[in-house]
Amino acid sequence: DTEVTQTPKHLVMGMTNKKSLKCEQHMGHRAMYWYKQKAKKPPELMFVYSYEKLSINESVPSRFSPECPNSSLLNLHLHALQPEDSALYLCASSQGHNSPLHFGNGTRLTVT
Amino acid sequence: SQQGEEDPQALSIQEGENATMNCSYKTSINNLQWYRQNSGRGLVHLILIRSNEREKHSGRLRVTLDTSKKSSSLLITASRAADTASYFCATEVIRLLIQGAQKLVFGQGTRLTINP
């Protein structure tokens, strides 16, 4: 079990669907992250929130829309995705610099 | 290009042997971290070593950092079948420091298989 909870664990969606991924942590961390990971590849950073404000957007297509409703929650809204967006989406949190990232177990997304 | 490059890409050893993985990076770092990932799961943090540190231990894990060579190594001693996983190094690059958070750049990873 991890201290970062991601739901759902698996998601299958069509290219015209709208869905959301959710992430929750109760460790008091002020930084939260979304990563995308393709099979046998390292995680790729998508978004970073620091103190509930978007700090980094790694030129992610607008069909991915992050939201940080409060310091414990992070959402990733999905719309009009492409099959190549199929991947493992990982959420993480941390206290800041020189501190480890705590990852959730991810959402396995399949776009059909 | 990736900040961190790891070698070997894959390593297969017998249970009880030691496993060594290496990571090289290109620019100045604030810290270097090692993570483990079991298949289809999230990453688990193993060790963080700061740029002014040279060696850290945690149980059967030993990490070294050589900033002059821009390289790090992870040693797992007395390996067990449960150590089978992918191992990633990740660097917090100084020029990418952001307030209150960190931008980690991950290496390509080493897939470690421990044979019983």
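Keep in mind that what you see is a predicted model, and the values were worked out from it rather than measured. (Residues numbered from 1 in each chain as written. Chains lettered and ligands numbered in written order. Predicted model: local features only at pLDDT ≥ 70, side-chain atom pairs only at ≥ 80, totals over all residues. Heavy atoms only, no water.)

1. Some words on the sheet that holds strand β8 (residues 71-76) of chain B
Neighbouring strands of a sheet are bound in pairs by backbone hydrogen bonds; such pairs are parallel or else antiparallel.
Residue and element names in this part refer to chain B.
Here comes step 1: Strand order across the open sheet formed by five strands is β1-β3-β8-β7-β6, with antiparallel pairing between neighbours. The sheet is open, and its two borders are formed by β1 (5-7) and β6 (55-58), each paired with just one other strand. Averaged over all pairs of adjacent strands, the angle between strand axes in this sheet comes to 15°, irrespective of strand direction.
Here comes step 2: In the sheet, strand β7 (residues 61-66) pairs with β8 via six bridges, with the strands oriented antiparallel. Bridge pairing links T64 to S73 in β8. (Pairing = 2+ DSSP bridges. Helix = DSSP H or I, 4+ residues; strand = E, 2+ residues; numbered from the N terminus. Axes fitted to C-alpha atoms, helices over the stretch in contact; angles between N-to-C directions.)

2. Some details on the layout of surface pockets
The method is simple in principle: a probe with the dimensions of a water molecule rolls over the atoms, and the space it marks as empty is what remains.
Here comes step 1: There is about 530 Å³ of room inside the largest pocket.
Here comes step 2: Lining the largest pocket we find 22 residues, and of these A39(A), K40(A), K41(A), S86(B) and R111(B) sit closest to its centre.
Here comes step 3: Elements with a contribution of two residues or more to the lining of the largest pocket: β9 (85-93) and β11 (110-115) of chain B.
Here comes step 4: Tallying contributions element by element places β11(B) first for the lining of the largest pocket, with four residues.
Here comes step 5: Within the lining of the largest pocket, the residues separate by chemical class into five nonpolar, 12 polar and five charged. (1 Å grid on protein atoms, 1.4 Å probe; cavity = no way out; pocket = protein on both sides within 12 Å on 5 of 7 lines; lining within 4 Å. Points joined across faces, edges and corners; volume = space filled by probe spheres on them. Nonpolar A, V, L, I, M, F, W, Y, C, P; charged D, E, K, R; others polar.)

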